[in-house]
Amino acid sequence: MKIAVVGGGPAGLYLSILLKRQGPSHEIAVYERNAAGSTYGWGVTYWAGLLDKLRAGDPESATAVADASVTWTDGLAIVRDERTVHRGDAGFGIGRRRMLGLLADRAAELGIQVAYEHPVTGPGAPELDGADLIVAADGINSTLREAHADHYGATFTTGKNPYIWLGTSKVFDSFSFAFKETEHGWIWCYAYGFSGERSTCVVECAPGTWTGLGLDTLPEGDCLALLEKLFHDLLDGHALIGRDRGAEPAQWLHFRTLTTKTWHHGRTVLLGDAAHTTHYSTGAGTTLALEDALALAAALRAHPDDLDTALASYGKRRRTELVPAQSAARLSAQWYENLPRYMNLEPNRMFALLGQRHSPLLPYVPPQLYYRLDRAAGSLEPLRRLKRWLGPRIARAAHHS
């Protein structure tokens, strides 16, 4: 097959690797509009289950990614000025630029052409002429998807809270949170290491806090200075790192959740953020994109002579598999949008409910009561069964209301 992959992010690069391994005679080209080594974001997170899947897909790139990652098990929260620690499952962080470099090196090793600073302008672009398969891995603003927007049925939902993606020279050895109360409301940060020199910090707040503190208009340098002051005990004197915007305001965003009803149109198929996004607070975006690549490669392997069946099978499978992740992300975003509801709890209890933010039951039960029920459910099987039974029913009722 002649395969054109539009977008050189983790999903596009990894899919090209998988398909080249499946069919060494495939002619595969990856077109990335940005320069090599330029990327947004700082670090990405994933968990051990993803590594197992990557090892099955391509052991060489999986080993490279694992060796370049850092890991943690503890979660730390600073609430006002009080610290609390919870044990958790092992998590991993890797620099996004580092991950892309490793995948690009592996693709080149397999003979895949990766063309940088090479935008593809639309379905009629010459780069796509003669391609048997076109993979739209060009992100949430996908040019290829938007050329047939009605067919794909893309729907966007914009989150309420502004957030900003920053780096820091503080190297965190745990997944860390800080919640600070100001005269304009709460502002919070989550931070995690992704190398031996840098960490990611994501800062979020309610719209009223954002404007009340002047974060919507402050030049980037002044904005970072204010955030460093607010989160001084988390950062231990280390600086926050932005995008060098000078006198321009810092680049705050509102997260857009994307869903699509159909994932392919003829020989073109959506992959990763071109097909779906999930709120950053679950840390699942890169994992889900790489799982898309694994699923698409599997579908093409299962139906080598029927492209339409392969692409339809892939889309149906992934839309089904994404339902729990999308639900968890929606509930997580809502938990933060309703943060004041939980901030009168003792810090250790608030942190416990932070870990329960994906529960469809939590928004409908008073936080103190939910905490006590959750602790009891941990030791009483009848309460565990009741919680499992009630959660989906409340979620369905809320969805249909």
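Before any of the text, the structure's been laid out above.
Read on for an overview of the structure. (Residues numbered from 1 in each chain as written. Predicted model: local features only at pLDDT ≥ 70, side-chain atom pairs only at ≥ 80, totals over all residues. Heavy atoms only, no water.)

1. Observations concerning the overall build of the chain
Argument step 1. Secondary structure summary: the chain contains 14 helices and 15 strands in total.
Argument step 2. In terms of overall dimensions, the chain is globule-like: its C-alpha atoms have a radius of gyration of 22 Å, near the 21 Å expected for 401 residues.
Argument step 3. On the principal axes, the C-alpha backbone points of the chain span a range of 60 × 55 × 40 Å.
Argument step 4. Split into buried and exposed, the 401 residues of the chain put 50% on the buried side.
Argument step 5. Counting contacts in the chain only where the partners sit at least 6 residues apart, residues at least 24 apart contribute 71% of the total.
Argument step 6. Accessible area of the chain: about 18,100 Å², with a carbon and sulfur share of 52%.
Argument step 7. Across the chain, the 41 positively charged side chains and the 43 negatively charged ones have centroids separated by 8 Å. (Helix = DSSP H or I, 4+ residues; strand = E, 2+ residues; numbered from the N terminus. Rg over C-alpha atoms; globule rule 2.2 N^0.38 Å. Buried < 20%, exposed > 50% of the residue type's maximum accessible area, 1.4 Å probe, protein only. Contact = heavy atoms within 4.5 Å. Areas by Shrake-Rupley, 256 points an atom, 1.4 Å probe, with all protein chains shown as cover. Lys, Arg positive; Asp, Glu negative; His and termini not counted. Charge placed at Lys NZ, Arg CZ, Asp CG, Glu CD.)

2. Details of the sheet that holds strand β15 (residues 268-270)
Argument step 1. Strand order in the open sheet formed by six strands is β6-β2-β1-β7-β15-β14, with mixed pairing between adjacent strands. Looking along the sheet, the strands with just one partner apiece sit at the ends: β6 (113-115) and β14 (264-265).
Argument step 2. Pairing analysis gives two bridges linking β14 to β15, with the strands arranged antiparallel. In the sheet register, His264 faces β15, and the bridge partner there is Val269. (Pairing = 2+ DSSP bridges.)

3. Some details on the side chain of Ser61
Argument step 1. Relative to the assigned elements, Ser61 resides in helix α3 (residues 59-67).
Argument step 2. Accessibility expressed as a relative area gives 5% for Ser61, which makes it buried.
Argument step 3. Separated by 2.6 Å, the side chains of Ser61 and Asp58 make a polar contact.
Argument step 4. Apart from the residues lying within four places of it in its own chain, the contact partners of Ser61 are Tyr14, Leu103 and Arg106. (Polar contact = N/O pair within 3.5 Å; in protein donor to acceptor, adjacent residues only side chain to side chain.)

4. Section: the pattern of salt bridges
Argument step 1. Evaluated as defined, the whole model comprises 18 salt bridges.
Argument step 2. Two residues, Asp58 and Arg21, come together in a salt bridge whose shortest N-O distance is 3.1 Å. Of this pair, Asp58 sits in the loop between α2 (48-57) and α3 while Arg21 sits in helix α1 (residues 10-22), placing them 37 residues apart in sequence.
Argument step 3. When its relative accessible area of 38% is taken as the criterion, Arg21 is described as partly exposed.
Argument step 4. Taken together, the shared-partner salt bridges connect Lys53, Glu291, Asp292, Arg317, Arg318 and Glu321 into one network. (Salt bridge = Lys/Arg side-chain N within 4 Å of Asp/Glu carboxyl O.)

5. Focus on the layout of surface pockets
Argument step 1. Size it by volume and the second largest pocket reaches roughly 730 Å³.
Argument step 2. Lining the second largest pocket we find 28 residues, and of these Thr257, Thr259, Gln326, Ser327 and Arg330 sit closest to its centre.
Argument step 3. The set of elements that each furnish at least two residues to the lining of the second largest pocket consists of β8 (155-168), β13 (253-259) and α11 (307-337).
Argument step 4. Here the lining of the second largest pocket takes ten residues from α11, the largest share from any one element.
Argument step 5. When its residues are assigned to classes, the lining of the second largest pocket shows seven nonpolar, 16 polar and five charged. (1 Å grid on protein atoms, 1.4 Å probe; cavity = no way out; pocket = protein on both sides within 12 Å on 5 of 7 lines; lining within 4 Å. Points joined across faces, edges and corners; volume = space filled by probe spheres on them. Nonpolar A, V, L, I, M, F, W, Y, C, P; charged D, E, K, R; others polar.)

6. A word on the packing of helix α12 (residues 347-354) against helix α13 (residues 367-377)
Argument step 1. Where α12 meets α13, the closest approach of the two axes is 10 Å, and the angle between their N-to-C directions is 75 degrees. Relative to α13, the element α12 lies roughly perpendicular. In contact with Asn348, Arg349, Ala352 and Leu353 of α12, α13 contributes Pro367, Gln368, Tyr370, Tyr371 and Arg375.
Argument step 2. Grouping the constituent residues of the contact of α12 with α13 by class yields five nonpolar, two polar and two charged. (Axes fitted to C-alpha atoms, helices over the stretch in contact; angles between N-to-C directions. Parallel < 35°, antiparallel > 145°, perpendicular 65-115°, else oblique.)

7. Observations concerning helix α4 (residues 96-109)
Every α-helix carries 3.6 residues per turn, so stepping three or four residues along brings you back to the same face.
Argument step 1. Between its terminal C-alpha atoms α4 stretches 20 Å, which fits the 20 Å expected from 14 residues at 1.5 Å a residue.
Argument step 2. Every buried residue belonging to α4 is among Arg96, Met99, Leu100, Leu102, Leu103, Ala104, Arg106 and Ala107, and all of these are buried.
Argument step 3. Downstream of α4 by a residue or two, Gly111 has a phi angle that is positive, lying close to 90 degrees. (Expected span 1.5 Å × (residues − 1).)

8. Some thoughts on empty space enclosed by the protein
Argument step 1. Within the structure shown, the criterion is met by two cavities of 30 Å³ or more.
Argument step 2. Approximately 60 Å³ is the volume found for the largest cavity.
Argument step 3. Every residue lining the largest cavity is listed: Ile164, Trp165, Leu166, Glu220, Gly242, Arg243, Ala250, Gln251 and Leu253.
Argument step 4. Here the element with the most residues in the lining of the largest cavity is β8; it accounts for three residues.
Argument step 5. Looking at the lining of the largest cavity residue by residue, the class counts come to five nonpolar, two polar and two charged.
Argument step 6. Of the voids in this model, the second largest cavity is the one considered here, and its volume is about 50 Å³.

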